[in-house]
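Structural features, examined
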Amino acid sequence: MKIIIRKDYQQLSQWTADYIAERINNFKPTKEKPFVLGLPTGSSPLGTYKALIKLNKERAVNFENVITFNMDEYVGLDKDHEQSYHYFMWENFFNHIDIPAENVNILNGMASDLDKECADYEAKMKELGGIELFLGGIGPDGHIAFNEPGSSLASRTRIKTLNFNTIKANARFFDNDIHLVPRMALTVGVGTVMDSREVVVIINGFHKARALRQVVEEGVNHMWTVSMLQMHRHAVIVCDDEATMELKAETVKYFKEIEQIIDNEFPDLD
Ligand code: GLP
């Protein structure tokens, strides 16, 4: 697992956007061989989306042959609802880049058969050869997508009941009224994320420091579902200084030195 530590949110976002753009460009996607990208919602990826929009406008990357799959969606919110993840994604990303609408996949939380909706989503990913890179964020309790603490680490796309902490955390988007927050969501599973050829997770802010410690310094644990990244062959965590506050100084030094070695800037040996 690679840990990239940046000074602040702005630098973390730029690094992540540059990395995704580089991966897409190196892949040289075509209509026949599209780049399949998994995406999250939330405040964590907002800076990355802004930076990717800028790169797209500068023609440093294009999304014509990129197919996206979002991680999750609330059950019962129409796609025009301002708090739906559909609305979020179009408002904050897709409306500003050159991606064809038919290349965007987001679970439909209004589907009449939710189980079928989830099974079809998994089937479509498979049909396209799987996800090349899954970008993710986490909740303060270390959940990835809506895989709440205690979720099976082998889970696939399914309906999930949200826990009280997540409902409280998301109430800020629903006039701070917990009663307005949907109680259920459709979400890709931990297993779905693990099948992706690469996973990049953004972890920023003091409030995620405990989760970062769990995933980096503790073992794999279903109570911190993102810790499953330890079992992934190509996992990258991009964090800011604030999120590292609960890590041992030794851990931070270790990962910073690895980055220097990769960049050919050898640490001072004195
Ligand atoms: C929700 C989403 C997650 C997201 C998390 C954190 O629970 N289902 O996918 O990672 O919120 O959101 P934020 O980035 O705003 O902290």
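The preceding data block contains the structure.
Residues numbered from 1 in each chain as written. Predicted model: local features only at pLDDT ≥ 70, side-chain atom pairs only at ≥ 80, totals over all residues. Heavy atoms only, no water.

1. A word on the overall build of the protein
Along the protein, the regular secondary structure elements total eight helices and 10 strands. A compact globule built from 270 residues would reach a C-alpha radius of gyration of about 18 Å, and the protein, at 18 Å, matches this within 12%. Based on the C-alpha atoms only, the size of the protein along its principal axes is roughly 65 × 40 × 35 Å. Evaluated residue by residue, the protein yields a buried proportion of 54% over its 270 residues. Of the contacts formed within the protein by residues at least 6 apart in sequence, a portion of 77% connects residues at least 24 apart. For the protein, the computed accessible surface area is about 13100 Å², with 51% contributed by carbon and sulfur atoms. (Helix = DSSP H or I, 4+ residues; strand = E, 2+ residues; numbered from the N terminus. Rg over C-alpha atoms; globule rule 2.2 N^0.38 Å. Buried < 20%, exposed > 50% of the residue type's maximum accessible area, 1.4 Å probe, protein only. Contact = heavy atoms within 4.5 Å. Areas by Shrake-Rupley, 256 points an atom, 1.4 Å probe, with all protein chains shown as cover.)

2. Observations regarding the environment of Asn 221
Relative to the helices and strands, Asn 221 is located in the loop between helix 7 (209–217) and strand 10 (235–240). For the pair Asn 221 and Tyr 85, spaced 136 residues apart in the sequence, the C-alpha separation amounts to 27 Å. When neighbours within four sequence positions are excluded, Asn 221 is seen to be in contact with Leu 153 and Ser 227.

3. Here's the deal with the pattern of salt bridges
A side chain with one charge can pair with a side chain of the opposite charge if their charged atoms come near. In total, this model carries 12 salt bridges according to the counting rule given. Asp 120 is paired through a salt bridge with Lys 116; the nearest N and O atoms lie 2.8 Å apart. Here the residue Asp 120 and the residue Lys 116 both occupy positions in helix 4 (residues 114–127), the gap between them amounting to four residues, near one helical turn. On the accessibility criterion, Lys 116 (47% relative accessible area) is partly exposed. Here Arg 213 and Glu 218 are joined by a salt bridge, their closest N and O atoms 4.0 Å apart. Linked by salt bridges that have partners in common, Arg 23, Glu 132, Arg 197 and Glu 198 make up one network. (Salt bridge = Lys/Arg side-chain N within 4 Å of Asp/Glu carboxyl O.)

4. Comments concerning the layout of surface pockets
For the largest pocket, the calculated volume is near 640 Å³. What lines the largest pocket is a set of 32 residues, among which Thr 41, Gly 42, Ser 43, Asn 170 and Arg 172 lie closest to the centre. Every element with two or more residues in the lining of the largest pocket is listed here: strand 4 (72–74), helix 3 (85–92) and helix 5 (164–170). Each residue belonging to the lining of the largest pocket can be placed in one class, and the counts come to 13 nonpolar, 14 polar and five charged. The calculated volume of the second largest pocket comes to roughly 210 Å³. In this structure, the second largest pocket is lined by 14 residues; those nearest its centre are Lys 2, Ile 4, Trp 15, Glu 259 and Ile 262. Within the residue set of the lining of the second largest pocket, elements represented by two or more residues are strand 1 (2–6), helix 1 (9–27) and helix 8 (249–262). (1 Å grid on protein atoms, 1.4 Å probe; cavity = no way out; pocket = protein on both sides within 12 Å on 5 of 7 lines; lining within 4 Å. Points joined across faces, edges and corners; volume = space filled by probe spheres on them. Nonpolar A, V, L, I, M, F, W, Y, C, P; charged D, E, K, R; others polar.)

5. Notes on the site of the ligand
Taken together, the residues surrounding the ligand are Gly 42, Ser 43, Ser 44, Asp 72, Tyr 85, Gly 137, Ile 138, His 143, Ala 145, Phe 146, Arg 172 and Lys 208. A distance of 2.8 Å separates an oxygen atom of the ligand from a polar side-chain atom of His 143. Out of a free accessible area of 390 Å², the ligand has 95% covered by protein chains. Its atoms largely coinciding with the cavity grid, the ligand occupies the largest pocket. Residues that form the shell around the ligand fall into these classes: four nonpolar, five polar and three charged. (Near = heavy atom within 4 Å. Polar contact = N/O pair within 3.5 Å; in protein donor to acceptor, adjacent residues only side chain to side chain. Sits in = over half its atoms within 2 Å of the grid points.)

6. Description of empty space enclosed by the protein
The final tally for this structure, using the stated rule, is one cavity of 30 Å³ or more. A volume near 30 Å³ is recorded for the largest cavity. Around the largest cavity, the lining residues are Ile 144, Val 190, Val 193, Met 194, Thr 225, Val 226, Met 228 and Leu 229. A class-by-class count of the residues in the lining of the largest cavity yields seven nonpolar, one polar and no charged.

7. Concerning the packing of helix 2 (residues 46–57) against helix 3
Two numbers describe how helix 2 lies on helix 3: the axes approach to 10 Å, and their chain directions differ by 40 degrees. Considering the angle they form, helix 2 stands oblique to helix 3. For the pair formed by helix 2 and helix 3, the contact residues are Leu 46, Tyr 49 and Ile 53 on the first element and Phe 88, Met 89 and Asn 92 on the second. Classifying every residue of the contact of helix 2 with helix 3 by side-chain character gives five nonpolar, one polar and no charged. (Axes fitted to C-alpha atoms, helices over the stretch in contact; angles between N-to-C directions. Parallel < 35°, antiparallel > 145°, perpendicular 65-115°, else oblique.)

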